[in-house]
Amino acid sequence: MFIRSTTALAALFLLSAAPLAQAADKPTDPQIAHIAYTAGVLDVEAAKQALEKSKNKEVVDFARDMVRDHEAVNKQALDLVKKLKLTPEDNATSKALTEAAAEERAKLAKLDGAAFDKAYVANEVAYHKQVNGALKTLLIPSAENAELKSLLETGLKLFQGHEQHAEHVAGKLK
């Protein structure tokens, strides 16, 4: 089951970036800000679901880290957009990410115990892989503002650590 969720999320993220890439050669800074912020909010929501449902210490600790880190990066992002007087712009990618996350939370809500833990962590691995890939190949190269680009690069380093941590936790759950 988690392979299906992982594959579906990976495919959705790649497909959701396609309309944005077709609409313009690259996303604008306001669109990038919205995508990055949305991705962080969605991971916090997923982590909060895990905190409510999981009894596994490793999963709970991981989820707490996700809440702490993504809320901190999103605070930095909000502070930066205020400083730059930049208004984040909703877009097809942000909407697709939000819809996919809602569907995934609904699927996870039906699971309990080890099945929930495995599916949540597998989704976190896939989500971080896709977000990190989008940061590297689309968002960072497209960002025009140096401070926004720097924040995205800092986020990428942190989120690469999240991906490795999620893979480690997933390995322990097998």
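Just so it is clear, the structure is predicted and the values come from calculations on it, not from any experiment.

Participant: So what about the nonpolar core? Which residues, and what values?
Facilitator: Judged by nonpolar contacts, the single largest core of 21 residues is most densely connected at I32, L135, L139, L148 and L152. Of all the secondary structure elements, the ones that give two or more residues to this core are α2 (29-53), α3 (57-84), α4 (92-109), α5 (113-142) and α6 (146-173). Per element, the largest residue contribution to this core is six residues, and it comes from α5. If near-sequence neighbours (up to four positions away) are discounted, L139 is found in contact with P27, I32, I35, A134 and L152. Among the nonpolar cores identified, the runner-up in size contains 20 residues, and M66, Y120, V125 and L173 belong to it.

Participant: Describe unusual backbone geometry, and please don't skip the residues or the numbers.
Facilitator: Backbone geometry places K85, a non-glycine residue, at a positive phi of 55°. By the element assignment, K85 lies in the loop between α3 and α4.

Participant: So, the packing of α3 against α5: which residues are in play, and what are the values?
Facilitator: The contact between α3 and α5 brings their axes to 11 Å, and the two run at 35°. Considering how the two elements wind past one another, α3 and α5 form a crossing that is left-handed. Contact with α3, carried on its side by V59, F62, A63, M66 and H70, involves D117, Y120, V121, E124 and H128 of α5 and no other residues of that element. Taken together, the residues that form the contact of α3 with α5 break down as six nonpolar, two polar and two charged.

Here is what the cut-offs are and how they apply
- Residues numbered from 1 in each chain as written.
- Predicted model: local features only at pLDDT ≥ 70, side-chain atom pairs only at ≥ 80, totals over all residues.
- Heavy atoms only, no water.
- Core = buried A, V, L, I, M, F, W, Y, C linked by side-chain atoms within 4.5 Å.
- Buried < 20%, exposed > 50% of the residue type's maximum accessible area, 1.4 Å probe, protein only.
- Helix = DSSP H or I, 4+ residues; strand = E, 2+ residues; numbered from the N terminus.
- Contact = heavy atoms within 4.5 Å.
- Axes fitted to C-alpha atoms, helices over the stretch in contact; angles between N-to-C directions.
- Left-handed = near helix turned anticlockwise from the far one by under 90°.
- Nonpolar A, V, L, I, M, F, W, Y, C, P; charged D, E, K, R; others polar.

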